[in-house]
Amino acid sequence: MIRGSDFILNPNKLETQFQLVEVSEWVDFSTKEKLGFYYTVLFPKLKFEKVKVGVKATSQIISNEELEQKGQIPVSFEGLRTWASLYNGRLSVKAEADNIKVAGMK
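What counts, and at which threshold
Residues numbered from 1 in each chain as written. Predicted model: local features only at pLDDT ≥ 70, side-chain atom pairs only at ≥ 80, totals over all residues. Heavy atoms only, no water. Helix = DSSP H or I, 4+ residues; strand = E, 2+ residues; numbered from the N terminus. Buried < 20%, exposed > 50% of the residue type's maximum accessible area, 1.4 Å probe, protein only. Contact = heavy atoms within 4.5 Å. Core = buried A, V, L, I, M, F, W, Y, C linked by side-chain atoms within 4.5 Å. Pairing = 2+ DSSP bridges. Salt bridge = Lys/Arg side-chain N within 4 Å of Asp/Glu carboxyl O. Axes fitted to C-alpha atoms, helices over the stretch in contact; angles between N-to-C directions.

Looking at the overall build of the protein
When helices and strands are tallied, the protein shows one helix and seven strands. From first element to last, N terminus to C terminus, the protein shows the α and β order β-β-β-α-β-β-β-β. Within the protein, the proportion of its 106 residues that are buried is 30%. In the protein, the proportion of contacts linking residues at least 24 apart, taken out of those at least 6 apart, comes to 48%.

Re the nonpolar core
One recurring pattern in soluble globular proteins: nonpolar side chains tend to sit buried together. Counting 19 residues, the largest nonpolar core has Leu20, Tyr39, Val41, Val53, Val55, Val75 and Phe77 as the members making the most contacts within it. Elements that contribute at least two residues to this core include exactly strand S1 (18-27), strand S2 (34-43), strand S3 (49-55), strand S4 (73-78), strand S6 (90-97) and strand S7 (99-102). Sequence-distant contacts of Leu20, defined by excluding residues within four places in its chain, comprise Tyr39, Thr40, Val41, Ile62, Leu67, Gln72, Ile73 and Val75.

Side note on the pairing of S1
Looking at chain direction, S1 and S4 are connected through three bridges and run antiparallel. For Leu20, the partnering residue across the bridge sits in S4 and is Ile73. The antiparallel hairpin formed by S1 and S2 contains six residues in its connecting segment, where Lys32 sits at a positive phi of about 65°.

So, the pattern of salt bridges
A side chain with one charge can pair with a side chain of the opposite charge if their charged atoms come near. Using the criterion set out here, one finds five salt bridges in the structure. Between Lys101 and Glu78 there is a salt bridge; the shortest N-O distance is 3.3 Å. With a gap of 23 residues between them, Lys101 in strand S7 and Glu78 in strand S4 connect regions that are remote in the sequence. For Lys101, a relative accessible area of 32% gives the class partly exposed.

Re the sheet that holds S4
Within the open sheet, the seven strands sit side by side as S5-S6-S3-S2-S1-S4-S7. Their pairing is mixed. Among the strands making up the open sheet, the edge pair consists of strand S5 (81-87) and S7. In this sheet, neighbouring strand axes are inclined to one another by 35° on average, regardless of whether the strands run parallel or antiparallel. Taken together, the four bridges between S4 and S7 define a ladder with antiparallel strand orientation. Note on S7: the bridge partner recorded for Glu78 is Asn99.

See the structure below:
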């Protein structure tokens, strides 16, 4: 049997900057507790694959309204971890990070 954890994403395939395209709330399905936010970003080196990165925080750094006005916003993550997940026979990339920043800002 193959498990999602059997797949490792090569760190060399990860960029230091990503294009942010969407922000949504990260809620635990079982407890309904709000954990933080999902930042959906494009991975340019992975054929612009969209990946949701979970960041545990009480406030989001950018709203979807700002994204609509500015288009894609370059961001970087601190402590980015990625792994594969198998759900209903489909393999997808899961990711979490300790923090997110708009690229070029301190």
